[in-house]
Amino acid sequence: IDSYLNYGIEPGFSFIVFLFSTFKNLNVVLFGIHLALMIPFIIFAIKARDEIPIKVTTFIFLMTMYVYSLSMMRQSIAMMICILSTWFFLHNKDKKGLLCIAAAFLFHRTAIIMFMVYLIIKILQNKSISGSGRMIRICTLVAIMLLILPVIMHILPAKYLGYLETGNTNNSINIMSLIKK
């Protein structure tokens, strides 16, 4: 908790580092961090093996995520837990999926965005709504999220405001500039 209050490091990541630092070896700490990254990936790969072969899942992970996980450890752990949550949502195991989002939030606050993904999945899974009705609901949900984004900006710590307010760097889209136009 001290690392979160003083340095803004999420408690899940701090706990992993604390737990493995008891071995007094940096390599063991890095192993623990990557173990926290790989466990949700392995669970997802096994659960999704009927839809996506494990070899394909592993190849996609290694080609898209693994290199980034070396420098963005907290975000990568949260992202892998969020990917696991989508499997639960798509298979109507909402409680487990929401629990995954809560766990991911312990590693990186931006995991809260997955709640919007959850709502979109639920709208798409609702067969009683017509296709155009689903699109209207999704567009309404996105519009509401864009309208409350300025409020969310005041809740987030200053270090996250850079994601929303910075200019067009690295070919990324400035979310706030879209709203202000």
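Sequence order sets the numbering: in each chain, residues are counted from 1 along the sequence as written. Per-residue local features of the predicted model are confined to residues with pLDDT of at least 70, and side-chain atom pairs are confined, for both listing and counting, to 80 or more; whole-chain, interface and lining totals are unaffected and use all residues. By convention in this description, side-chain values take in all heavy atoms of the structure and omit both hydrogens and water.

K.L.:
Hey, could you run me through the pattern of salt bridges in this one?
P.N.:
A pair can form between side chains of opposite charge whenever their charged atoms are brought close. Each salt bridge in this description consists of a side-chain nitrogen of Lys or Arg and a carboxyl oxygen of Asp or Glu lying within 4 Å of one another. Going through the model one piece at a time under the given rule, you end up with two salt bridges. Here Arg-74 ties to Glu-10 by a salt bridge, and the two come within 2.3 Å at their closest N and O atoms. Of this pair, Arg-74 sits in helix α6 (residues 73-90) while Glu-10 sits in the loop between α1 (2-7) and α2 (11-21), and the two are 64 residues apart along the sequence. You'll find Arg-74 and Glu-10 in the same group, each marked buried. For Lys-122, the salt bridge identified is with Asp-94, shortest N-O distance 3.1 Å. Here Asp-94 lies in helix α7 (residues 94-105) and Lys-122 lies in helix α8 (residues 114-125), a separation of 28 residues in the sequence. Burial classification: accessible surface area is computed with a 1.4 Å probe over protein chains only, and a residue below 20% of its type maximum counts as buried, one above 50% as exposed, and the rest as partly exposed. Using a relative accessible area of 22% as the deciding quantity, one classes Asp-94 as partly exposed. Counting from the N terminus, the helices are DSSP H or I runs at least four residues long and the strands are E runs at least two residues long.

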